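# Structure assessment
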Amino acid sequence: MTGSHPVLTMTGISKSFPGVRALDGVDFRLFPGEVHALMGENGAGKSTLIKVLTGVYGVDRGTVALAGEQVSFTGPMQATAAGVSTVFQEVNLCTNLSVAENIFIGREPRRLGAVRWGEMRRRARALLTRLDLDIDVNAPLGSFSLAIQQMVAIARAIDIEARVLVLDEPTSSLDTGEVAQLFRVMRSLRDDGIAILFVTHFLDQVYRIADRITVLRNGQLVGEWTTGDLPQLSLVEKMIGKELDVLERLDEQPRRDVAATEGTPLLEARALGRRSAVAPFDLTVHAGEVVGLAGLLGSGRTEVARLLFGADRADHGSVRVDGSPTSLRTPVAAIARGIGFCSENRRAEGIVADLSVRENIVLAMQAARGWLRPIPRRRQDELVDRWVRALHIRPADPEIPVGNLSGGNQQKVLLARWLITEPRLLILDEPTRGIDIGAKTEIQRLVAQLSDGGTAVLFISAELEEVLRLSHRIAVMRDHELVTQLTNDQSVDADRIMQAIAAGAAHEGVPS
Amino acid sequence: MSTAQSRYRALTTHRLFWPVVVLVALVVANTVYRPGFLSVQVRDGHLYGSLIDILRLSAPLILVALGMTLVIATGGIDLSVGSLCAISGAVACLYISRQPDQNSMGGVLTALALGLAVALVLGAWNGVLVAVIGIQPIIATLILMVAGRGLAQLITEGQILTINSSPYKAIGVGHLLTLPLAIFIALAAALLIAAVTRRTALGLIVESVGGNARASRLAGIRSARITFLVYVISAACAAVAGFMMTANVSSADGNAAGLWVELDAILAVVIGGTSLAGGRFSLGGTILGALLIQTLTTTVYAMNISPQTSLLFKAVVVIAVCLIQAPGFRARFTRRRRVPAPAAAGADETRKEQVPA
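None of the values given here were measured: they were computed from a predicted structure. (Residues numbered from 1 in each chain as written. Chains lettered and ligands numbered in written order. Predicted model: local features only at pLDDT ≥ 70, side-chain atom pairs only at ≥ 80, totals over all residues. Heavy atoms only, no water.)

Let us look at the overall build of chain A. Within chain A, the secondary structure is distributed over 18 helices and 22 strands. Its C-alpha radius of gyration of 25 Å places chain A within 12% of the 24 Å reference for a compact globule of 512 residues. Taken along the three principal axes of its C-alpha coordinates, chain A extends 75 × 55 × 45 Å. In chain A, which comprises 512 residues, the proportion classed as buried is 54%. Considering only intrachain contacts with a sequence separation of at least 6, the fraction spanning at least 24 residues in chain A is 68%. Accessible area for chain A stands at about 21,300 Å²; split by element, carbon and sulfur atoms hold 48% of it. Charged side chains in chain A number 58 positive and 64 negative. The centres of these two groups are separated by 4 Å. (Helix = DSSP H or I, 4+ residues; strand = E, 2+ residues; numbered from the N terminus. Rg over C-alpha atoms; globule rule 2.2 N^0.38 Å. Buried < 20%, exposed > 50% of the residue type's maximum accessible area, 1.4 Å probe, protein only. Contact = heavy atoms within 4.5 Å. Areas by Shrake-Rupley, 256 points an atom, 1.4 Å probe, with all protein chains shown as cover. Lys, Arg positive; Asp, Glu negative; His and termini not counted. Charge placed at Lys NZ, Arg CZ, Asp CG, Glu CD.)

Printed below as a string of structure tokens:
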């Protein structure tokens, strides 16, 4: 154990937002001279914890102590002044200003109100030297690579007598060489006695740099380990958790039979990829097949879905639908070929909250017909009535704004939107996240029914049990790469997928 | 009793309740100040009176505001409508002034077609800037707002172009069935736009794009086309309004025609309950808003409020209407509430206002 006293202690932190318990009695501590990785999936509470620490949010319950003294910051400025500096995920600096200006913006060295430019440049150079960086401090920040910009952000953060440095996903936009450079800097800061809180989605990096690991899941503390005590596979288990709900078990269906995969595939992606989103991958989907896409959140699953739907444009590879080459450059093009997509981001990319349930359901069908050919009101009512009943959408009034519905019912409205268009391939990104168990089971049953009826489904979920139960085939994503594809027969279980997630391609060939 | 109460609640919380109250209050104030305000007389077979005047004078504003409603519903804004009024009016007047017989019906119709065509081209320009090139609407239309005045000046060669054409004049001051022709034109435009938006799926698509552009794109809506279209419609509305304005005075003034009408139109749309953020729109609300603003303008003149303070008076009333309409402002009087800053601020923003199901 570390002999010294923790520089930061957070005890029993709880924080709720309307409808969401973001943090529930979380303890966290940070020692001087360590790199401490904070791990967990999206929505586990990492960002909230950091925002509580840096004073962006207040807490509902719990205490934060810095070097033994209780503090309660009311804003990031105050936290920074007390020695807690943060570099956020998106570099929030001004690319049009010079490097020196960026480091000192808001706290320029002054004399009689006038900025002392010479002093500012000198101090900027000194700070960057500490980070092993020799660049022109007068050049505009935008003329440097993202890695350098990240370093400048760190320079800005450590200038203020920092005792705690928070790095929120600093590596997500860096390449391998740049990551190595950043890690060198982090090690040298650590050796200077600074406590570094490091958040990342990349598991490899944790094992390269972190001394200790704290894992959060669903707003709760799972535990704290020294890196050596927690093998990568256990870390993945801790992050995902194995919550086998009793209700789900009762309703569990037998494992799905393997679908017929002969004949021309419905969709065939060859080396499809997009820079800094997902590495080129091959993926084939046959009619009536459910392909599960497993992997941690942030591993590139959503990016795969978006490429296949044309929501993002691929800059690599090709796609065939029914064997003939095609390009899915826009959602309109994908929809024309019978593909539908429910985004994981229901509120921002799914529902139109002000419009009624009926209007939301007919939206995709209406868009495909064009505005000049409205769907007759009677036909709309027929379709909507049928699906509101079939999917048990509650309340069953199609004229209320969809924003007033619960998350699960909004999800069903989105499903109905695509189902009335009778898609041949439905891409579902986290369709069961954040919805109650009843709705979840209904949606799972619906996926099975669709598949039996010949519709192909690309099913994305963080819950392995769900993916295992529904999929004929499972593709595993890791660090923005599709690492392996498994036929979901008896040899495949949650452990096998977790291994693939944790270890990637290395385990692909392991016989079972 | 409880049904009466709930009906009362439904009435007072209706988004057009307060604009109607203010409009009625203005009419009452006018009547108290000038008892003849409500009277309508028949003269030469036409109806005359302050109320008729307000209807006739509000016609151009209604037209411009109707087009503006669709633009605002997509989350955009069109600042160029005032300049478009001036340009289309100037084009029509210029053509008529070049005719040997300014009273020929064919000449006037050609003039109208020309004015409308020019406005459509300029509306398409706005649409391309916003929908294709992706310039922010306020900037894209600001270009034409400023440059359009110059264009109108060029057309009239910097002069006030006077014409003497009775068919053209009729657009502004003519009568049909005892009522001013302008009222019928505005009414026809309103019905046409209502039919185009509500009988087709245009209204739904516009509201969807304005309500959530990202979700609309993923639902397969070609939002660029729709955005382009609303700017063209807005320009067409402005053109007809421009004909009315110039016909009213039988002259085209590149500087004065339609000056600041874009601001009145935006106000009318907002008072009518359409959010500047886009989404749900109400054509009826917009017409009500336009009537309210025109009544206010007429009131200012009728009460002999000195020109120095008239704009200020107008501003005070408009601020009052906007404040009592704002849910946040009204809520301040009922209960104090702290607005939390949730993790997904953008996504949760709308939720706060709504009753969770």
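A word on the sheet that holds strand β18 (residues 339-342) of chain A. All names here are of chain A. Within the open sheet, the six strands sit side by side as β18-β19-β20-β15-β21-β22. Their pairing is mixed. With partners counted over all chains shown, the strands left at the sheet margins are β18 and β22 (481-487), one partner each. For this sheet, the mean inter-axis angle between neighbouring strands, taken without regard to orientation, is 15 degrees. Looking at chain direction, strand β15 (residues 290-294) and strand β21 (residues 473-478) are connected through four bridges and run parallel. Note that in β21 the partner of G292 across the bridge is I474. Docked against the sheet, helix α10 (residues 301-309) engages β15, β18, β19 (425-429), β20 (456-460) and β21, running at close to 145 degrees with respect to β18. Contacting β18 and β19, helix α15 (residues 407-419) runs over the sheet at an angle of about 170 degrees to β18. (Pairing = 2+ DSSP bridges. Axes fitted to C-alpha atoms, helices over the stretch in contact; angles between N-to-C directions.)

Turning our attention to the sheet that holds strand β14 (residues 278-285) of chain A. Residue and element names in this part refer to chain A. Strand order across the open sheet formed by four strands is β14-β13-β16-β17, with antiparallel pairing between neighbours. Here the strands that pair on one side only, and so sit at the sheet edges, are β14 and β17 (324-326). Averaged over all adjacent pairs, the angle separating strand axes in this sheet is 25 degrees, with direction ignored. Helix-sheet contacts for α10 involve β13 (267-274) and β14, and the interaxial angle to β14 is about 65 degrees.

Now for helix α13 (residues 357-369) of chain A. All names here are of chain A. Here α13 contains 13 residues, and its C-alpha end-to-end distance of 19 Å stays within 8% of the 18 Å for a straight helix at 1.5 Å per residue. When the local axis directions of α13 are compared, the greatest deviation, roughly 50 degrees, occurs at L363. Of all the 13 residues making up α13, eleven are buried; the element is thus mostly covered by neighbouring parts of the structure. Of all the positions in α13, only V357, R358, E359, N360, I361, V362, L363, A364, M365, Q366 and A367 are classed as buried. (Expected span 1.5 Å × (residues − 1). Bend = angle between axes of the 7 residues up to and from the residue.)

Residue and element names in this part refer to chain A. Bridging between strand β11 (residues 212-217) and strand β12 (residues 220-226) involves six bridges; their strand directions are antiparallel. For I213, the partnering residue across the bridge sits in β12 and is W225. Hairpin connection, β11 to β12: the antiparallel pair is bridged by two residues, and N218 has positive phi, about 50 degrees.

All right, on to the packing of helix α13 (residues 283-302) of chain B against helix α14 (residues 307-325) of chain B then. Residues and elements named next belong to chain B. With their axes 10 Å apart at the nearest point, α13 and α14 run at an angle of 145 degrees to one another. Relative to α14, the crossing made by α13 is right-handed. Of the residues in α14, those touching α13 at I293, L296, T297 and V300 are S310, F313, K314, V317 and V318. Across the contact of α13 with α14, the residue classes break down as six nonpolar, two polar and one charged. (Left-handed = near helix turned anticlockwise from the far one by under 90°. Nonpolar A, V, L, I, M, F, W, Y, C, P; charged D, E, K, R; others polar.)

With that settled, the discussion passes to unusual backbone geometry. All names here are of chain A. Phi at H480 takes a positive value of approximately 65 degrees, unusual for a residue other than glycine. Along the polypeptide, H480 turns up in the loop between β21 and β22. Here H480 falls in the partly exposed class, since its relative accessible area comes to 23%.

Attention shifts here to the packing of aromatic side chains. Throughout the structure, instances matching the rule amount to four aromatic pairs over all chains. Ring geometry for F309 of chain A against F341 of chain A: centres 5.2 Å apart, planes inclined by 40 degrees, an arrangement best described as tilted. One end of the pair, F309 of chain A, is in helix α10; the other, F341 of chain A, is in strand β18, with 32 residues separating them in the sequence. The burial state of F309 of chain A is the same as that of F341 of chain A; both residues are buried. Cluster of aromatic residues (ring-pair linked, three or more members): F309, F341 and W418 of chain A. Geometry around Y48 of chain B places R43 of chain B over its ring, the cationic atom sitting 4.8 Å from the centre. (Phe/Tyr/Trp six-rings, centres within 6.5 Å; stacked < 30°, edge-to-face > 60°. Lys NZ or Arg CZ within 6 Å of the ring centre and 35° of its normal.)

Moving on, we get to a nonpolar patch on the surface. A grouping of V20, V24, V28 and V32 of chain B is seen on the molecular surface, where their side chains present a nonpolar patch of about 340 Å² in accessible area. Within the secondary structure, V32 of chain B sits in helix α2 (residues 17-33). (Patch = residues over 30% accessible without salt bridge, like charges linked within 9 Å, V, L, I, M, F, W, Y side chains within 5 Å. Salt bridge = Lys/Arg side-chain N within 4 Å of Asp/Glu carboxyl O.)

This brings us to the environment of N164 of chain B. Residue and element names in this part refer to chain B. Along the polypeptide, N164 turns up in the loop between β3 (161-162) and α7 (166-173). On a C-alpha basis, the gap between N164 and S250 in space is 6.7 Å, while along the polypeptide they are 86 residues apart. Each residue touching N164, except ones within four places of it in the same chain, is listed here: Q102 and N103.

Time to look at the domain arrangement of chain A. Residue and element names in this part refer to chain A. Per the domain assignment, the segments of chain A are domain 1 (8-240), domain 2 (246-338 + 423-507) and domain 3 (352-421). Centre-to-centre separation of domain 1 and domain 2, based on C-alpha positions: 34 Å. Between domain 1 and domain 2, the contact holds twelve residues from the first and 13 residues from the second. Summing the contributions of domain 1 and of domain 2, the shared interface buries around 1,200 Å²; its carbon and sulfur component is 67%. Area buried by domain 1 at its contact with domain 2 is led by E41, L233 and I240, which between them contribute 37% of it. Linking domain 1 with domain 2 are one salt bridge, by the criterion used here. Between D204 and R478 there is a salt bridge whose closest N-O contact spans 3.0 Å. For the pair domain 1 and domain 2, the number of links is one residue pair in polar contact (both at pLDDT 80 or more). The set of elements that each furnish at least two residues to the side of domain 1 that touches domain 2 consists of α7 (203-209) and α8 (232-240). Sort the elements by how many residues they give to the side of domain 1 that touches domain 2 and α8 lands first, with six residues. Each residue belonging to the side of domain 1 that touches domain 2 can be placed in one class, and the counts come to six nonpolar, three polar and three charged. (Domains from an automatic or database assignment. Buried area = accessible area lost by both parts, 1.4 Å probe. Polar contact = N/O pair within 3.5 Å; in protein donor to acceptor, adjacent residues only side chain to side chain.)

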